Every structure is written in C-alpha cells, then in structure tokens.
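The residues making up each chain are set out below.
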Amino acid sequence: MANETFDLVVIGAGPGGYVAAIRAAQLGMKVAVVEKNATLGGTCLNVGCIPSKALLQSSHLFEETGHDLAAHGIVVGAPTLDFAQMMKRKGEVVGATTKGIEFLFKKNKITWLQGTGRIEAAGKVSVIGPDGAVKDTVAAKNILIAAGSEVTPLPGVAIDEKKIVSSTGALELSEVPKHLVVVGAGIIGLELGSVWRRLGAEVTVVEFLDRICAGIDDEITKFFQRALTKQGLKFKLGAKVTKAETTGAGVTLTVEPAAGKNGGGAAETLQADIVLVAIGRRPYVAGLGLDKAGVKLTERGRIAVDAHFQTSVPGIYAIGDVIDGPMLAHKASEDGIACVETLAGQKGHVNWDLVPSVVYTQPEVAWVGKTEEQLKAAGVAYKVGKYPFTADPRSRANAATEGFVKVLSDKTTDRVLGVHIFGAEAGTMIGEAALAMEFAASAEDIGRVCHAHPTVNEALKEAALASWEKPIHL
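Residues numbered from 1 in each chain as written. Predicted model: local features only at pLDDT ≥ 70, side-chain atom pairs only at ≥ 80, totals over all residues. Heavy atoms only, no water.

A. How the structure looks around the overall build of the protein chain. Of regular secondary structure, the protein chain possesses 14 helices and 22 strands. Expressed as a percentage of the 474 residues in the protein chain, the buried residues total 51%. Working note: accessible area of the protein chain is about 21,400 Å², and carbon and sulfur atoms make up 53% of it. Positive and negative side-chain charges of the protein chain, numbering 49 and 52 respectively, have mean locations separated by a distance of 2 Å. (Helix = DSSP H or I, 4+ residues; strand = E, 2+ residues; numbered from the N terminus. Buried < 20%, exposed > 50% of the residue type's maximum accessible area, 1.4 Å probe, protein only. Areas by Shrake-Rupley, 256 points an atom, 1.4 Å probe, with all protein chains shown as cover. Lys, Arg positive; Asp, Glu negative; His and termini not counted. Charge placed at Lys NZ, Arg CZ, Asp CG, Glu CD.)

Structural data, given as structure tokens:
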C-alpha cells in the first residue's frame, strides 16, 4: 500500500467513519478505512448501541413474561432465565451487524487497513500494529478523522472490567449481579441499569447532579424518574463517588454529598458486586498525530472544524464524537455524509439543532429540538400541547399507556420548536417530529396530517393540535 494513493482515508470505522466511506465510494472516490479493532462498526455496533439494545429487548421480554401476560389471558409459569443463551443471542446480533458492514465495504470496493491510524502530515497516514510498529503508510488526497469517543474515567475509581466496569464490561458480565451500583444517571447508565434490574439485580444509581438525565425536558424527567423508581431502581442524587476498594466479595464505594464531605451530610459506604462507571464519554484524540500534523483542538478537547468539517489543516477533516455537537451515532453518520458530499462538490449540511435523542428504557424517552427550560432562558414565547397515551386507543390496546407527548410551538408563528415523548414507542415516534421540524412545520401542520388509526403516532397528532388550538380526543 506504500505506493498507493487514495482519494480519502478514513480513520475509524464506527457509524461516522464507515458511513462516510460508503458514501464517498458511491460518489466515485477511492477509499480506505483504518480501523484498529478486529471487526468494523466501532463502539456502537460492537460494544455500545447494538449489544445494549439486544439485551434491553431480551430483558424486557423476560420481565413481560413474568409480570404482564396474564392480563392478556396468557397464563404461564414463572420464566427461567437462560443467561448463556441471552448473551449468545446478543453476540449473534452484533456479529450479523458487523459482518453486514464488511459486506458493504466489499460491495463498494473500500479498502480496510487493520491497525491504528496516525496522521504523519497532510496527505499521509500510517497504520500502526498492536506492537506499536508501523505496518503500512498510505497517501491520501483527503483524510477524515472519525475516531469516535472513549469512556470518561472517574478519579479514584479504577476500571478493571471485572468488578468495576465501563459500559463495555457491563455488556459482558458472566452472571446477574446481586447488587449493581451505577455511577452516573445518564442514558448509558439508566439503560444498562434497567437491563440488570429486569434480570434480578438490585440496582442503585449514584448521580452527581440533583436530577437524572441532564438535558432532558424537566417535566419529562420527573415522570421518567418516577417510572424507573417504581420499577425498582434506587437513586442517590446530588452525590459523588470518591473512592472504590475492590475486595474478594465485591466493591466498597465511598459516597459523599456532591457539595463536599461537610457540605450536606456525612460520607457513606455502598457495597456492590459490580460497579458500572457511566459518567459520560470523551473524544478519542490521543495517538492520532494531531500535534504533529498541526490539527488544533477546542477548549473542550475536541477537534476544531469549520462549517465544512475541515480542521485547521487543509485536507484533514473530522466528524462525529471528536468534534462539537451531540455524541450520537446517527449524528456522526450525518456528519460523514455531509463532509464527503462537500468534498465531492455537493452541498452537505447537518442541522445539529434537530438531532433526535432516545433513551431506550421502558418506557422510552425521546426528544428533538428545544426544551421548555431552553425556551424560557432564551426569552422565547411558546405554547405547550400535551396528550397522554391513556387517551390513545392503540396504546390502550397494547397495554402501554404510561407517558405522554409534549409539543412546544412558537406562540406567534406556531412553528414547532421542540417535541418530547415519554412512552413505549417514543424512539420510533420521534422520527416524524424530526422530519416535520426539519421542514419548519407548524403544530397545525402536524395536526392536520392524516394519521393512520389506530396508531401510537396519533398521540403526536393530538399533542400538536393541543399546542395549536385544541385536541379532538381529550
């Protein structure tokens, strides 16, 4: 490969990198992707989004079988957990998904260079083997950094992926723990905490803030936490973990008030079989050769880019978790498509204000656009329309009536500014809202669209009508 030149060399084969590579190849570029892992797909497909959703689905079915089928006239005994089979299925889901990316690489004639990518200079990328030696060096007309992110470490709590685990280790436990302590009440912590709670673990969530899931609309958060508490999750909010000691029996955690040891109460200890550290993720920028190449970072440690994803060095671009914007797989994919389309002379663009987010618990939480708190802080006059799933016939038929849809629209223009959903199928429903908002729809527009009956999406229609004027069925 030393004498071969590519139109584009992508560093990282996660949802940002592999999607960018495929789109670039479709546009006629000669593409290579440098990926250090043995499989394609990055964190999301291998140790993140996909395996966690497989376990969320399996654990949901396990709990549903044990508690919810009798109301439907389906009488079964208490279900028995075949843990090995559940984990095997999770692995099969991951394997099929990553192999699908390999197929797409072959179909689009994309070269996969296995190793760690390091930029030597604009137009030159080295491929580093596991021993630290340079395996190959390739020339590139353009370089795209799509290295993703890594787990943010917690001072005083060393992750060993055995008893103190990251999200990666939490997906590979050998048995259901008796007591799982989750440090961090964000999306990852609550999803994985839900999995193990459903399978029989006692779950305690320790969160530094006085609320769960920072960034979600406050009203939604209150109902969400109430639901999780009812399901059995325990919360210690406004608290921080300052020390973790691993013993033969498990882990002893020292937990203090977030304001300081003497700021709001005494320190306490928690005993856990497993501790999951889920306080967030940080951009993966170490070892990429950024300093040598002259690529500048922002104050937050992300790669600085312009409106076309170009870094401070011409010919070097960056997308996804290593740059500003939400750290989400689908955002990274859209970044990648927009970047390579711009390279091809097209008009690539991503609206970061309308990137939907989802928490895949049960019920789910999904949102796009502004929260009430953001609108108030900005001084925007707005209207609120809400519609409960208890009033939606399909939700009633599905025995999934917990939650509601909330639509925020401009008080003067009626343009939809934010949609927030707490309900069983929120993650699927939010796509309609994102599409409507991308085309600057008003609440009346959504309310006047004919929705199929009976469907859960009728709740979005009714919430939009409530924001515009009045709902029909409430």
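After that view, the rundown keeps rolling.
B. How the structure looks around empty space enclosed by the protein. Summed over the entire model, instances satisfying the criterion amount to 1 cavity of 30 Å³ or more. Computed from the structure, the largest cavity encloses a volume of approximately 50 Å³. A class-by-class count of the residues in the lining of the largest cavity yields 5 nonpolar, 3 polar and 1 charged. (1 Å grid on protein atoms, 1.4 Å probe; cavity = no way out; pocket = protein on both sides within 12 Å on 5 of 7 lines; lining within 4 Å. Points joined across faces, edges and corners; volume = space filled by probe spheres on them. Nonpolar A, V, L, I, M, F, W, Y, C, P; charged D, E, K, R; others polar.)

C. Region of the structure containing the environment of R396. Within the fold, R396 resides in helix α11 (residues 393–397). Distance in space between the C-alpha atoms of R396 and V456 is 9.4 Å, their sequence separation being 60 residues. Among residues more than four places away in sequence, those in contact with R396 are T390, A391 and T401. (Contact = heavy atoms within 4.5 Å.)

D. Looking closely at the pairing of strand β13 (residues 251–257). Burial analysis of β13 places 7 of its 7 residues in the buried class, the great majority of the element. For strand β12 (residues 239–246) and β13, the ladder comprises 7 bridges, and the chain directions are antiparallel. Considered in β13, the bridge of V241 is made with V255. Hairpin connection of β12 to β13: 4 residues between the antiparallel strands, including G250 at a positive phi of 155 degrees. Bridge count for β13 against strand β14 (residues 268–272) is 5 bridges, and the pairing is antiparallel. Bridged to T252 within β14 is Q271. (Pairing = 2+ DSSP bridges.)

E. Examining helix α4 (residues 83–107) more closely. When the terminal C-alpha atoms of α4 are compared, their 36 Å separation across 25 residues agrees well with the 36 Å that a helix rising 1.5 Å per residue should span. At its buried positions, α4 is contacted by α1 (15–26), β2 (31–35), α2 (42–47), α3 (49–67), β3 (111–114) and α6 (187–198). One or two residues past the end of α4 sits K109, with phi positive at roughly 60 degrees. (Expected span 1.5 Å × (residues − 1).)

F. Examining the environment of Q57 more closely. Within the secondary structure layout, Q57 lies in helix α3. Taking the C-alpha atoms as reference points, Q57 and Q26, separated by 31 residues in sequence, lie 34 Å from one another.

G. Quick peek at α6. Compared with the 16 Å implied by 1.5 Å per residue over 12 residues, the 17 Å span of α6 between its first and last C-alpha is a close match. Taken across its 12 residues, α6 has 10 buried, putting it largely inside the fold. Burial in α6 covers these residues: G189, L190, E191, L192, G193, S194, V195, W196, R197 and R198. Count one or two residues on from α6 and you reach G200, which has phi positive near 120 degrees.

H. Looking closely at the nonpolar core. Counting residues in hydrophobic clusters, the biggest one holds 52 residues, and the most contacted among them are V31, L144, I145 and I303. L55, A170, L199 and I212 belong to the second-largest nonpolar core, a separate cluster that totals 38 residues. (Core = buried A, V, L, I, M, F, W, Y, C linked by side-chain atoms within 4.5 Å.)

I. Expanded view of the sheet that holds β12. Taking strand neighbours across the sheet as the criterion, the 3 strands line up as β12-β13-β14 in an open arrangement whose pairing is antiparallel. Taken across any chain shown, the strands that pair with only one partner, and hence form the sheet edges, are β12 and β14. The mean inter-strand angle of the sheet, taken between neighbouring strand axes irrespective of direction, is 30 degrees. (Axes fitted to C-alpha atoms, helices over the stretch in contact; angles between N-to-C directions.)

J. Just the packing of aromatic side chains, in detail. Applying the stated criterion across every chain yields a total of 3 aromatic pairs. Geometrically, the ring pair formed by F223 and F404 is edge-to-face, given 5.2 Å between the ring centres and 75 degrees between the ring planes. Of this pair, F223 sits in helix α7 (residues 218–231) while F404 sits in strand β21 (residues 404–410), placing them 181 residues apart in sequence. For F404, a relative accessible area of 8% gives the class buried. Between the NZ or CZ atom of R226 and the centre of the ring of F223, over which it lies, the distance is 4.9 Å. (Phe/Tyr/Trp six-rings, centres within 6.5 Å; stacked < 30°, edge-to-face > 60°. Lys NZ or Arg CZ within 6 Å of the ring centre and 35° of its normal.)

K. Structural detail: unusual backbone geometry. Each neighbour pair has its own omega, and for Q362 with P363 the value is 0 degrees, a cis peptide bond. Residue P454 is bonded to the preceding H453 through a cis peptide linkage, with omega at -5 degrees. Here K109, not a glycine, exhibits a phi torsion of approximately 60 degrees, which is positive. Summarising the element assignment, K109 is placed in the loop between α4 and β3. Using a relative accessible area of 71% as the deciding quantity, one classes K109 as exposed.

L. Spotlight on the environment of G301. Within the element layout of this structure, G301 appears in the loop between α8 (290–293) and β17 (316–318). For G301, a relative accessible area of 22% translates into the label partly exposed. Residues G301 and P155 lie 146 residues apart in sequence; the distance between their C-alpha atoms is 18 Å.

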